[in-house]
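Report on the structure
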Amino acid sequence: GLELSHCVGTNSLGPTMPWRSGGPCKMKRVRTVFKPEQLERLEQEFLKQQYMVGTERVDLAATLHLTETQVKVWFQNRRIKWRKQSMEQKAAKLSQFGVIQPSTADSTDIKEQEEDMVDVEL
């Protein structure tokens, strides 16, 4: 499950939302810190394929001593980073040739990013 730290105080941005934390005390989840060896293996697998599903994900998680959810979320976040880097490289190439980039991404790019966005990182 999720690891939660002790209470971190009340939310200063507004009223507390008991449905989020189970009460007036806001719990903060501890962020997963991956070991360098785990990150290296995850990056190697990402270079082979950007989507890790099914038994491949289960096997990779077991090999790296991570949960399947941690692997799934890492891949989701990595795909977002990859798309952002691809867009930046494309914009840099276009600017070299004097082509002006529109300031907003098209709706397809935005929709794909929204599908991959996650609120939590495990």
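For the structure, check the block above.
Here's what I pulled together on the structure shown here. These figures come from a predicted structure and were not determined experimentally. (Residues numbered from 1 in each chain as written. Predicted model: local features only at pLDDT ≥ 70, side-chain atom pairs only at ≥ 80, totals over all residues. Heavy atoms only, no water.)

1. Considerations on unusual backbone geometry
Even without glycine at this site, His65 takes up a positive phi of about 60°. For His65, the location among the structural elements is in the loop between α3 (54-64) and α4 (68-96). (Helix = DSSP H or I, 4+ residues; strand = E, 2+ residues; numbered from the N terminus.)

2. A word on the side chain of Gln38
On the secondary structure map, Gln38 appears in helix α2 (residues 36-48). Residues in contact with Gln38, not counting those within four places in the same chain, are Leu64, His65 and Leu66. (Contact = heavy atoms within 4.5 Å.)

3. Structural notes on the pattern of salt bridges
What the rule picks out here adds up to four salt bridges. Across the pair Arg78 and Glu43 runs a salt bridge, and its minimum N-O distance is 3.0 Å. Of this pair, Arg78 sits in helix α4 while Glu43 sits in helix α2, and the two are 35 residues apart along the sequence. Through salt bridges with shared partners, a single network forms among Arg41, Glu45 and Lys48. (Salt bridge = Lys/Arg side-chain N within 4 Å of Asp/Glu carboxyl O.)

4. Comments concerning α4
If you check α4, its first and last C-alpha atoms are 42 Å apart, about what 29 residues at 1.5 Å a residue would give, namely 42 Å. All of the buried residues in α4 are Gln70, Val71, Val73, Trp74, Phe75, Gln76, Arg78, Arg79, Ile80 and Arg83. Phi for Gly98, located one or two positions after α4, is positive at around 80°. (Expected span 1.5 Å × (residues − 1). Buried < 20%, exposed > 50% of the residue type's maximum accessible area, 1.4 Å probe, protein only.)

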